[in-house]
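In case you want the letters, here they are:
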Amino acid sequence: MGRKRCGIAVTDPLQIIANGLTTVASAQLPDFVVNYLKQEEVECIVIGEPKDMKNNPSDCSKYIDPIINRLKKLLPDMRIERYDERFTSVMAHQTMIDAGLSKSKRQDKELADTIAATIILQSYMSSIHR
């Protein structure tokens, strides 16, 4: 989750594959999630946790923590997990290169955020299914 926008990824019912869904303005994330939960069954919300190279929370945490607190108030019974998001932006950019996307497509920050969200969710699922 970034200061301006947040990539959204979802998984299949068997929790095997993560797929990018969309990108939402970070300020609109709580409303988006509440509306999404009215339509879809969700077991857990996974939110990227920005950390620095020393494993400490990065400066971005000050923008993310209030959004998470809002989600917890709106959805008190929903499990919300934080998952390390270090290097996911770099991995997303490399994924776009590997996919053969043009330079102009690779500069699409919303696409990069959605791919990064997919990487975070897939990594999270891999970590719990070991």
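Just above, that's the structure.
I will try to describe carefully the structure that is included in this document. (Residues numbered from 1 in each chain as written. Predicted model: local features only at pLDDT ≥ 70, side-chain atom pairs only at ≥ 80, totals over all residues. Heavy atoms only, no water.)

## Some details on the overall build of the chain
Right, so step 1: A tally of regular secondary structure across the chain gives five helices and four strands.
Right, so step 2: Secondary structure elements of the chain occur, N-terminal to C-terminal, as β-β-α-β-α-β-α-α-α.
Right, so step 3: Rg of the C-alpha trace for the chain: 14 Å, near the compact-globule value of 14 Å for 130 residues, within the 12% margin.
Right, so step 4: Its C-alpha atoms give the chain principal-axis dimensions of roughly 40 × 35 × 30 Å.
Right, so step 5: Split into buried and exposed, the 130 residues of the chain put 32% on the buried side.
Right, so step 6: The contacts of the chain with a sequence gap of at least 6 include a subset with a gap of at least 24, amounting to 63%.
Right, so step 7: For the chain, the exposed surface amounts to about 8400 Å²; the carbon and sulfur share of it is 50%. (Helix = DSSP H or I, 4+ residues; strand = E, 2+ residues; numbered from the N terminus. Rg over C-alpha atoms; globule rule 2.2 N^0.38 Å. Buried < 20%, exposed > 50% of the residue type's maximum accessible area, 1.4 Å probe, protein only. Contact = heavy atoms within 4.5 Å. Areas by Shrake-Rupley, 256 points an atom, 1.4 Å probe, with all protein chains shown as cover.)

## Side note on the pairing of strand E3 (residues 44-49)
Right, so step 1: Direction of pairing for E3 relative to strand E4 (residues 79-84): parallel, over a ladder of six bridges. Bridge assignment links Ile 45 to a residue of E4, and that residue is Ile 80.
Right, so step 2: After leaving E3, the chain enters helix H2 (residues 61-74) and then returns to the sheet as E4, a path that is right-handed. (Pairing = 2+ DSSP bridges. Right-handed = clockwise from strand over helix to strand, strands pointing away.)

## Examining a positive patch on the surface
Right, so step 1: On the surface, a cluster of positive charge is made up of Arg 3, Lys 4, Lys 62 and Lys 109.
Right, so step 2: The residue Lys 109 is located in helix H5 (residues 109-128) in this model.
Right, so step 3: Lys 109 sits in the exposed class, given a relative accessible area of 55%. (Patch = residues over 30% accessible without salt bridge, like charges linked within 9 Å, V, L, I, M, F, W, Y side chains within 5 Å. Salt bridge = Lys/Arg side-chain N within 4 Å of Asp/Glu carboxyl O. Lys, Arg positive; Asp, Glu negative; His and termini not counted. Charge placed at Lys NZ, Arg CZ, Asp CG, Glu CD.)

## Remarks on the environment of Asp 31
Right, so step 1: For Asp 31, the location among the structural elements is in helix H1 (residues 29-39).
Right, so step 2: Sequence separation between Asp 31 and Leu 74 is 43 residues; the distance between their C-alpha atoms is 9.2 Å.

## Overview of the pairing of strand E2 (residues 18-25)
On a regular strand, each side chain points to the face opposite its neighbour's, so the side chains alternate between the two faces of the sheet.
Right, so step 1: Pairing of strand E1 (residues 5-11) with E2 involves seven bridges; the strand directions are antiparallel. The residue of E2 that forms the bridge with Thr 11 is Ala 18.
Right, so step 2: Linking two consecutive strands that pair antiparallel, namely E1 and E2, is a turn of six residues; a positive phi of about 55° is found at Gln 15 within it.

## What to know about the side chain of Thr 118
Right, so step 1: Structurally, Thr 118 is set in helix H5.
Right, so step 2: Ignoring sequence-local partners within four residues, the contact set of Thr 118 consists of Ala 9, Ala 18, Asn 19 and Gly 20.

## Observations regarding the packing of aromatic side chains
Here a ring pair, both rings aromatic, is described through the centre-centre distance and the interplanar angle of the planes.
Right, so step 1: In total, this model carries two aromatic pairs according to the counting rule given.
Right, so step 2: Relative to Tyr 36, the ring of Phe 32 lies with its centre 6.2 Å away and its plane at 20°, an arrangement referred to as stacked. Linking Phe 32 with Tyr 36, this pair stays in helix H1, spanning four residues, or about one helical turn.
Right, so step 3: With relative accessibility at 26%, the residue Phe 32 sits in the partly exposed group. (Phe/Tyr/Trp six-rings, centres within 6.5 Å; stacked < 30°, edge-to-face > 60°.)

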